Structures are given as C-alpha cells and as structure tokens.
Amino acid sequence: MNLLSIDALTVDRGTARILDRVSLDVARGETVALVGESGAGKSTIATAIMRLLGDARISGSIALADAGDLLALREPDMVRLRGRRLSMIFQDAGAALNPAYTVGAQLVSAVRRNLGLGKRDAHARAVELMTQVGINDPEARLSAYPHQLSGGMQQRVMVAIALAADPDLLLADEPTSALDVTIQAQIVRLILAQTRARGAACIFVLHDLALASQACDSVVVLYAGQVVESGPVRDVLDNARHPYTRQLKSCVLEIGRDDLVAPEGTVPSHEDMPAGCRFATRCPRAQDRCWADAPPLETARGSHRFACWNPE
Amino acid sequence: MLRQAFGKIGQTLVVLFIVSFASFGLLKLAPGDPIQIMLGSEYSPQAYAALSAELGLDQPFWTQYADWALNFVRGDWGTSYVARTDIFTYGFLEALPVTLTLASFSLAFAILIGVPLGVLSAVRKDTIFDAGAAVFALTGTAFPSFLLGILLIWFFGVKLGLFPVMGYVSPWQDFWGGIYHMILPALTLSTYFIAMITRLTRATLVEVLAQPYIAAARARGEPGWRVIWVHGVRNIALPLVTILGLQLGTLLQGTVLTETVFNLPGIGQMLTSAVLGREYGVVQAGVMMTATLFIVVNLLVDLSYPILDPRLRDRK
Amino acid sequence: MTLVDNARRGRRSIFARRPFFTLALVVAVGYVLAAIFAPFVAPYDPVAQDFNAMMQPPSGAHPMGTDSYGQDILSRVIFGARYALIIGFFAVAIGAIGGLIVGLAAGLSGGWAEWALLRLIDSILALPSLILAVAFIAILGQGVDKVVIAVGLSMIGPFARTVRADVLQVRVQLFVEAAGLMAIPRAVIIWRHILPNVIYPLAVQVTIRISEAILVSSSLSFLGIGVTPPTPDWGLMIAEGRAFVSFAAWMSAMPGFALALLLIALSIVGDGIREEFDPKLRGKS
C-alpha cells in the first residue's frame, strides 16, 4: 500500500483552477520530484497535502496510510498529523522562521510538542538535531535569532524542525531557491541523506530537472495545473513521451544552469486556457485534436504515464 | 545600539528644554500684570517694587527662566491662590495620580478589549463580525468622548443605577471602591482607544498572518490558537506599542475631558480651573507635566524597540 | 499632470464605489447648507429666551425641546453648525498655513537649522492639541476668535510634520536635484517644483483635520473655557445640559448627536478622500 495516494485533486481559487484532477502516489521511503514552471501548481500540491491552502476550494482526495482522506479530517486531527507524520520545508527559510523568537525556541517547541518530551530532554534532542543537520556549535546557535544566521544555516534549522519527530513524509517546497548556488547542492544532499536515514518519503518541489534526475526515485511533470507525465525517473527522463518534458530536458541540457530556463512561450492565463490540451499553445506537435479534446493519462510502460495525443 | 540610545535621550532633553522654555515664555506673554493682580487696586510704588524683587520679576528674562526651571526641577512650583496650596502638592502629588490612574485603567481596558476584538476580526476576515467591528471602530474613533461620558452616566448611572456617576476614590486606598468609581470614566475614555486598537490590530495582524512563518508554524503542528497568539500577536507588538506611545497625547487630552464629565480632581480639572482663574503658574505646571509624560513615554517606546523586535538589536 | 488625472478618475466613480462615503458626504453637505441658511431654516431665534417654556421635552413646537433658559434647542443646534464649521475651517486654515511654513523651512533648510526646527516640531507634538489649545486660551482669553486662533496654533505641529515628510520626498526626486544643478533661483524651485507637490497632500490633510479642529474647539467650550454663553455652540450646550442629565437628557443629547453625526460623517469623508487620493495609500485596498 502506498504511503500517500492523491486522487483527482482539484483546487480552485476565485475563478482560477490552480490544480486540475491531479493524481499521484508516493510509496514509503520514496522520493518524488514535482517539476514544472512556476505557476504549474507544484507548491499548491504540497500545501494542499498539509491542508494549509486557506480559502481555496478543494475536491478529490488525499489518502495517507493509517489516517484516511486528509481532506475529510477534522482540523484538530490534522493538527496532530502536522509535524509528526507530515512535515514541510519552505522556499525561503528566512521568512519561514518567526523573527521574534530564537531558533532554539522554535525548534525546542516543535520537539516538545511532537515528541512529547520534557524541557531538558527536548533541549538535548534539539542539540542532537542541530548536529545532524550539520550546524557547528549547536548550543550557541540555538540561542541565535533567525536574522543572525546565514540563509543556508536557516534552511538547516528548518530541516531540523521538520525532521524533529521523524515524519513519514517530508514536503520540500523549492528549499534551495532562496540560497546561493554553492549552498543549494549541500542543502539538497542534506535533505536526501536525512530523509533516507529516517526511511521517510519525500516530495521535492523542484524546477530543476537535472537535480530531479540525480536525487529522486520518480518524477511528476506538471503543466498549468495538470500532470502531463509521471513515472520512475529513468523512464521519464530517458524516454520522455510528452513534448513538454522533452522541452524541459533540452533546456537543462542546453544551458546547464542552476535554474530552469523555461521553454519558449508562456503558460496561457486562466481565462484563455485552451479547451483541449493545455500545452497546445506552445506545442510544436499540436494537431486539431489537441485543441479540441484534453488527452487522458495513458500508461507507457509500468508506472510511466503521459497525457498526449501525439507523443514522441 | 547604546550610542543610538544616548542620542535619543539627548534629543529628548532638547525637546524638554524647548517645551519648558516655550511654556515659560508663552505665559510671560499673557495679559495682566501678576503683581498688580496680587496687590489689588490700591498699592504704593514701594510695595510694587518690593513684591517685584521678591518674586524675581525685576530680573532679566533669562535669569527668570533659569530660576523658574531650577525651582521646577526642585519641586518648587509656586503657590496656587485658588487651591490655597503649593502647586507641586496640588498638581504633582494630588492631580497627577488621579489622571495617571484614569489613564492606566483606560489603557488596560483598551488593550484587554481592543486586541482580542482586532484578533477576532482579523481571523474572521470578511465576515459579519468583521464588518461589525469595522463599524464600531469607525464610530468609536469619531465619537466625542465627553458626549459618550454623559450618555453612560445617563444610562448606567441614572437609568440603571449600576455605577456611581461622580467623584473619585483612590484605588490605592480603597481598591475595589476605586475600581468601581473608575469603571464608567475608564470606559468613556477607552472607547476611542478600543476602537483604534481594534482597527490597528486587525490591519497589522492580517498582514502578519499572511507571512510564511505563520504557515510554517502551522506546518509543524502548532494549534490554531498558538499560531495566532504566540506567532501572530507577538509580531504586531511593535506597531501597537508605537501607536500607543504616539496616541498617549490623545489619551491625556481625553482625561482632561473625562475628568470634567465625571468630576475627577485630576490635571484636566486643574487646568480648566486655572485657565478660568488666570493662574498661569498652574497652567505651566499642567503643561509641563503633560509634555514630560508624553516625551518620556515615547522615549521608552523608542528604547523598547530592540526588545520588541530582535532584528533591531544588531543594527548599527 | 498625473495627479490631476487620478483625481478626476476618482471623482467620476467614487460615489458608486463608496456608498458610505457618498452618504457621509451628503450628511456633511447638509450641515454646510444648514449652517449657511441657518436664519431661514431655524424656527426660532437661537438666543431668544422664553421663561414660559423652560426645559420642555421634544414636542411639535420644539422638535428638540428647550433648554433651561427656554431657548429652542433645534434652532441652537442649527446655528451651532455655523459656529462649528466656521471655527473648524478657519482653525484648520491657520494650522495648515503655519504648518506649511514651518514644514517647508524644516524640509528645505539643512544642517543645524533643520535639526533645531525638527526639535521644535517634536516639542509642539509633545503636547496634545487640546492641552496646547488650553494653554493658548489661558493667554488669549475666551471667545470665538480666540478659540479659532488657539485651535489653529495647536494644529501647526501635525501639519508641519506631514509637510516636511512630503518636502523630503520631493527633494530626493531627480528633477529637483537637476533644477538645483542648473542654478535656478531657490524661490523658483520652491514655487514650481516643491509647492505643487506639497500643497496637494496638504489639501487632503486639511479635509481630514477639520473634524479634529471641530472636536477640539467643542471640547474647549465643553470645558467652559472656549466660546462664551449664550453663543449657540454645541460643546457649550452639552456642558449646560450635563447638570440636568437625569431629567432633561435631551439638552445634552440633541447637540451631542448633532456633533457626533458631523464628526462621524467628516471622518468617513476624510478616510475616503485619503484612500482615494493619498498616493502612499493608493493600491493598498
């Protein structure tokens, strides 16, 4: 049985449909990359799993093993899952740490709450966690305020907070996008090593396909709120069927930059989204049918799936 | 940081000097010769000169100011002929505590009611409750306090007979009696501040609650009340304290009116009767006490910034 | 000019977009009309005493009742609008002009003079406007004209602060620096570049602060040290009625609600104008 099973997740905010019938599965200990341009809905998936989307309208289901459909849970039950079985790391650690409290206060309170430890044990555990995420002199760092730490250090603290209670699933929402290039790889390696050491699954929101290919077990490619291709990382990358995946790949290969250079053209706005395939406006292989009907997800081989009428 | 603090204190001293100089100088401009007033209509030139010398009024302006300022600091504020006592006792020891008691009660009311109202309003943004709080905030900030006081007296005092409508009982001597007498005046004075704090809390908290660290706190399993009160409200402390410091003047001027409505013997009553009796020394004392209070409190507000926001501690 | 364009665009649609603002504006205009045409609207002479009709509750003959001298409260309330608006307007005018001069001086002078002027503004702001007005009244004495001057002088501080802030903003803008480089006389720079950019926000401030001036002046009257009886001033009327509140509550309540309604209407109008026209707030809500 899968750890997490998302089925036909649809999210609307105002008149905009941010996610459209997204389905994906995560096995225990698996690392899944969500890839796509900004606005594709990657972060929305992560936030929806945590049920932190605020006033958006959500339908579909998000089933977590031993907990049932997260969307049907009462809020107090959801609160008990957050931090214990589900954790999240944010884009900008500097903004995700409360500036009014020391990092120690925030880490220790997470440890106490989610592990049920007393003050002294929690402090010891906090020191241990800080060491695990590679922070030197953890005692001193615990009494520092977030603004006194570097961006990389802040993100390490966030990793420590997120992993404090050994969650089953870690959601990492572009955890390196606010960091220097030199530190990005360190943080990614840290997150992967720490989740593997704990046997935790991880959903990595990325816009770097190259990184996804190195670090993850499977990939989900999103375009304009829909899954266009998904499957084991080798299948999807070596044998991409969807033209969008191919474009993403060639962009990375061409330039080899740290951030993803978007393929030519732009994602259509929510008002003038095509009736058929959403990628049709930018697709070199678009046919009449692509404009008229939306392609369903088809299985290529094993769990490798794609949504295209005219695949490569 | 220490240098900054000393700079602030220096600025404060300069402002205090200007205020004292202005209140001394302005009241020198007041019409009427104080010696003539004291001596009445029949007096000899010798008596005039003698009294003038005794009061130091024959000295040059700067000497008079220096004498006055020195005496002021020493607590020698002159004599009030209307109250038949020295002004320091009358103003500082008797009137100021009344005003401060009223002001602190009102401030406590304002914070204890205004912050929760604003928090609820922010959390239930765009609901009927929020709209109601907005209407209250608007009406409350525009409604004249002295009218509200009279209405409260009429309703709670006269119609319902629940509260005493006049007079002052010091809560330092009779705690419960003092509170009982203070409820209507404090409610009168604090309505404006409750409304203002509600408005400010809502506006700033809505912004804070949209910050990533709020989502992060929820993501690590903090329950809703803790997210709002510990992570949200803690971060609006700085704007709240700043505005409260700046609005202290409004609070003090509100006490003047409230004291008159409820017949409380504070600085407001002292000032009003001094103006009617043309006792310039008492007006000076009232002005100096009010201004000093405002300046000192705002200095404290400035100095408290690094405590309220750790990010300000490391600024050079 | 963009400012004018924005103002025009706001004026065309503001009434439809802001129903409360429109309502409040109608109320405020009603007060202005009542004030202007007071002799024609008021049923009685506001200072005519009638000892046969003292402290009568509201009735057909006296819709708001009469006071302890038998004066018709409705007529006094209508004439009171006149005093309130005149005092409010002229006091704000004094405050705005004084604030403009001090603020310009503080914003344009540099170094020692600027520092001294700033401390001066701080000192004025250290006293709440009512206390400051009380101090001025102590020197000037009582009466309508004295109240106008006292309230006006007490408002210089806040005006000066906003003017200075605006001057600083304009001063850093490139065109002023460029004009300065070209050795254009200082007076011309002030007149052509700085004043237009300062006057506009100042005008917005004036509309907002009229209600404050009215509140402070009626507070002075309420304290018994502002306008003298038998002038039909709201603050004075509220104070006179205070002693009779237990059995003739209308004496305070009628002028009180007249004052409260005007203040609330003015504050809604002021908020609307500020949100529409203040460039710093625009785009926020």
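Residues numbered from 1 in each chain as written. Chains lettered and ligands numbered in written order. Predicted model: local features only at pLDDT ≥ 70, side-chain atom pairs only at ≥ 80, totals over all residues.

Caption draft 1: Geometry of the pairing of strand β6 (residues 86–89) of chain A. All names here are of chain A. Residues L86 and M88 of β6 are buried on one face, and the alternating residues S87 and I89, pointing to the opposite face, are buried as well. Bridge count between β6 and strand β7 (residues 169–173): four bridges; the pairing is parallel. From the neighbouring strand, S87 faces β7, where its bridge partner is L170. (Buried ≥ 20, exposed ≤ 12 C-beta atoms within 10 Å, placed from the backbone. Helix = DSSP H or I, 4+ residues; strand = E, 2+ residues; numbered from the N terminus. Pairing = 2+ DSSP bridges.)

Caption draft 2: Geometry of the UniProt feature "transmembrane region" (unreviewed entry) in chain C. Residues given the UniProt feature "transmembrane region" (unreviewed entry) here are residues 20–42, 83–108, 120–141 and 247–269 of chain C. For residues 20–42 of chain C, the end-to-end C-alpha separation is 28 Å, with 91% helix and 0% strand making up the annotated structure. (UniProt positions renumbered as here; feature names shortened; annotations may be inferred.)

Caption draft 3: Fine view of the packing of helix α4 (residues 103–115) of chain A against helix α7 (residues 151–163) of chain A. Residues and elements named next belong to chain A. Orientation of α4 relative to α7, taken along the N-to-C sense of each, is 15 degrees, at an axis distance of 8 Å. Classified by the angle their axes make, α4 and α7 are roughly parallel. For the pair α4 and α7, the sense of crossing is right-handed. In this structure, α4 uses V103, Q106, L107 and A110 to contact α7, whose residues at the interface are V157, A160 and I161. Each residue belonging to the contact of α4 with α7 can be placed in one class, and the counts come to six nonpolar, one polar and no charged. (Axes fitted to C-alpha atoms, helices over the stretch in contact; angles between N-to-C directions. Parallel < 35°, antiparallel > 145°, perpendicular 65-115°, else oblique. Left-handed = near helix turned anticlockwise from the far one by under 90°. Contact = placed C-beta atoms within 7 Å. Nonpolar A, V, L, I, M, F, W, Y, C, P; charged D, E, K, R; others polar.)

Caption draft 4: Representation of the sheet that holds strand β2 (residues 16–26) of chain A. Residue and element names in this part refer to chain A. The strand order β2-β1-β4-β5 describes an open sheet built from four strands, whose pairing is antiparallel. Both outer strands of the open sheet, β2 and β5 (68–69), are each paired with one neighbouring strand and no more. Relative to strand β4 (residues 57–64), strand β1 (residues 4–13) runs antiparallel, the two sharing seven bridges. The partner of T10 across the bridge, within β4, is S59. Helix-sheet contacts for helix α1 (residues 42–50) involve β1, β2 and β4, and the interaxial angle to β2 is about 70 degrees.

Caption draft 5: Up close: unusual backbone geometry. All names here are of chain A. Of note, D166 is a non-glycine position whose phi angle comes to about 50 degrees, a positive value. Relative to the elements of secondary structure, D166 occurs in the loop between α7 and β7. Given 15 C-beta atoms within a 10 Å radius, D166 is considered partly exposed. Look at A224: it is not a glycine, yet its phi comes out positive at around 50 degrees. Note on A224: 25 C-beta atoms within 10 Å, which makes it buried.

Caption draft 6: Here's a closer look at the pairing of strand β3 (residues 31–35) of chain A. All names here are of chain A. Here β3 lies mainly inside the structure; five of its five residues are buried. Residues T31, A33 and V35 of β3 are buried on one face, and the alternating residues V32 and L34, pointing to the opposite face, are buried as well. In this sheet, strand β8 (residues 201–206) lies alongside β3 in parallel orientation, the contact comprising five bridges. Across the sheet, the residue bridging to V35 is L206, located in β8. Examined bridge by bridge, β3 and strand β9 (residues 218–223) share four bridges and lie parallel to one another. Looking at β9, one finds that L34 is bridged to V220.

Caption draft 7: Structural detail: the UniProt feature "domain: ABC transporter" (unreviewed entry) in chain A. Per the UniProt annotation, the sites labelled "domain: ABC transporter" (unreviewed entry) are residues 4–249 of chain A. Taken end to end, residues 4–249 of chain A has its terminal C-alpha atoms 27 Å apart, with 42% of it in helix and 26% in strand.

Caption draft 8: Local environment of the environment of L276(B). Residue placement: L276(B) occurs in helix α13 (residues 267–276). Given 15 C-beta atoms within a 10 Å radius, L276(B) is considered partly exposed. With 64 residues separating them along the chain, L276(B) and P212(B) place their C-alpha atoms 58 Å apart. Each residue touching L276(B), except ones within four places of it in the same chain, is listed here: G224(C) and I225(C).

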